[in-house]
Structure formats: structure tokens, C-alpha cells
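For reference, the chains in residue letters:
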Amino acid sequence: MSGGGHGAIEGSNKRVALLISILALFLAGAETLAKSAQTEALGANVEASNQWAYFQARTIRATVLKTADETLALTTPAPGNEAAVKAKREDWAKTIARWESEPATGEGRKELAAKAQASEHKRDLALERYHHYELASAAFQVGIVLASAQVITGIVLLAFAGGFLGFAGLALAAFGLFAPHTLPFLH
């Protein structure tokens, strides 16, 4: 083999090594984005669970008060005690209404349900992003393997396939970052 052929192979190997380095860089970025999205999804899931638990606690407490109110309404109060019973029932009615909706504190059932649903939406979005990033990582990994195989085998098509998978990985990562709802068939 002539010296020119060896130089061409060396130049080709350098280009493939550069391709592998770029794919590895993108792989690291996709893995970082995937881990971040996964962590965000877990945090939002915990937040949603906490909000729904608080919502359920408020519901149980309101049901207990409502039952006590109904029981008190059905029993005959002692003579002269009617005003105290009426006042207690009015107090309970205010408490039940406050627990249903309490915009000032955001702790009414209505507000808690909205917070929980927002957390669930945040979780779902993070999971959609996570799936895109994981697929992008897989594309980068296979691209690295194919490009590495080109160095060993000399089959140039492997380097092109590795580069194509790199572009596919970039596209998947971009969809995950900017438009995670666009490719629902990936979930």
C-alpha cells in the first residue's frame, strides 16, 4: 500500500474519531436532560400526591362535620339551647364552605385539586421529555458503535449510518426540549 493510502485512512479515522467525539458529547447532553426530566417528573409526582392527600383530608374532615351537623339537626336540642345549636351549625357551615374553596390560602378543596392537576401536568410533560431524551441517547449510543465499527472494518457506510443516527438523536432531543407532545407515538 502506498503512503498516500495510509494518509487517507488516517484522515478518515480522524474524521470518524471526531464524529464519535461529537456523538459522545450529544449523548452526555441527552443523558443529562433525561436525568433532569426524570427528576422533575418524580418531584412533580410527589407534589401531586401531596396535594391529593391534602384534598382527601379536607374531604374527610368536611364529611365528618357535615355528618355531625346533620346529626345535630335531627336531634331535638334541650330547651333554651336552640340558639347555641343554631350558632354551632352556622359555624360548621362556614367551615365547610371555607374548606371547599379558600382562595386566600389556596388550601380549599377547589384550589388543592387545581394545584394537584397542575403538578400532574408538570409530571406528564417531564415524562414525555424524558422518553424523547432516552431515545435520543439510544440513537447516539448506536451511532457511536457504528462509527467505531467503521474504524475497525473500513466500511464507510457505517460512519454515515452513525452520523445519521446522531442527527436522529439531535432531532429527538430537540423534540423533547421544544415540542414533547409532537411525537406521541414514541411513548
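Residues numbered from 1 in each chain as written. Predicted model: local features only at pLDDT ≥ 70, side-chain atom pairs only at ≥ 80, totals over all residues. Heavy atoms only, no water.

1. A word on the overall build of the chain
Looking only at helices and strands, one finds 4 helices and 0 strands in the chain. Along its sequence from the N terminus, the chain presents helices and strands in the succession α-α-α-α. Principal-axis analysis of the C-alpha atoms places the extent of the chain at approximately 115 × 25 × 20 Å. By residue count, 28% of the 187 residues in the chain fall in the buried class. Contacts spanning at least 24 positions in sequence make up 72% of the contacts within the chain whose residues lie at least 6 apart. Of the roughly 11,300 Å² of accessible surface on the chain, 67% is carried by carbon and sulfur atoms. Mean positive and mean negative side-chain charge positions of the chain (17 and 17 charges, respectively) differ by 2 Å. (Helix = DSSP H or I, 4+ residues; strand = E, 2+ residues; numbered from the N terminus. Buried < 20%, exposed > 50% of the residue type's maximum accessible area, 1.4 Å probe, protein only. Contact = heavy atoms within 4.5 Å. Areas by Shrake-Rupley, 256 points an atom, 1.4 Å probe, with all protein chains shown as cover. Lys, Arg positive; Asp, Glu negative; His and termini not counted. Charge placed at Lys NZ, Arg CZ, Asp CG, Glu CD.)

2. As for a nonpolar patch on the surface
Together, Ile155, Val156, Leu157 and Phe160 make up a nonpolar patch on the protein surface, roughly 430 Å² of accessible area in all. Its location among the elements puts Ile155 in the loop between helix H3 (109-153) and helix H4 (156-178). You can call Ile155 partly exposed: its relative accessible area is 45%. (Patch = residues over 30% accessible without salt bridge, like charges linked within 9 Å, V, L, I, M, F, W, Y side chains within 5 Å. Salt bridge = Lys/Arg side-chain N within 4 Å of Asp/Glu carboxyl O.)

3. Concerning H4
Given 3.6 residues per helical turn, the α-helix brings residues three or four places apart onto the same face. Compared with the 33 Å implied by 1.5 Å per residue over 23 residues, the 33 Å span of H4 between its first and last C-alpha is a close match. Residues of H4 that are buried: Ala159, Gly162, Gly163, Gly166, Gly169, Leu172, Ala173 and Gly176. (Expected span 1.5 Å × (residues − 1).)

4. Notes on the packing of aromatic side chains
Going through the model one piece at a time under the given rule, you end up with 2 aromatic pairs. Centre to centre, the rings of Phe26 and Phe140 are 5.8 Å apart; their planes meet at 35 degrees, and the pair counts as tilted. Of this pair, Phe26 sits in helix H1 (residues 3-74) while Phe140 sits in helix H3, and the two are 114 residues apart along the sequence. On the basis of relative accessibility, which here comes to 29%, the residue Phe26 falls in the partly exposed class. The class for Phe140 is buried, based on a relative accessible area of 1%. An angle of 85 degrees between the planes, with centres 5.2 Å apart, marks the rings of Trp52 and Phe55 as edge-to-face. In this pair, Trp52 and Phe55 are both assigned in helix H1, 3 residues apart and thus about one turn of the helix distant. With a relative accessible area of 25%, Trp52 lands in the partly exposed category. (Phe/Tyr/Trp six-rings, centres within 6.5 Å; stacked < 30°, edge-to-face > 60°.)

5. A word on the packing of H3 against H4
For the pair H3 and H4, the least separation of the axes is 7 Å and the interaxial angle reads 165 degrees. Taken as axis vectors, H3 and H4 run roughly antiparallel relative to one another. Note on packing geometry: the crossing formed by H3 with H4 is left-handed. (Axes fitted to C-alpha atoms, helices over the stretch in contact; angles between N-to-C directions. Parallel < 35°, antiparallel > 145°, perpendicular 65-115°, else oblique. Left-handed = near helix turned anticlockwise from the far one by under 90°.)

6. Some thoughts on the nonpolar core
Residues Tyr133, Ala136 and Phe140 are the most contacted members of the largest nonpolar core, which totals 13 residues. Mapped onto this core, the elements with two or more residues apiece are H1, H3 and H4. Each residue touching Tyr133, except ones within four places of it in the same chain, is listed here: Ala30, Leu33, Ala34, Ala37, Ala173, Gly176 and Leu177. (Core = buried A, V, L, I, M, F, W, Y, C linked by side-chain atoms within 4.5 Å.)

Any link to function would need more than the numbers given here.
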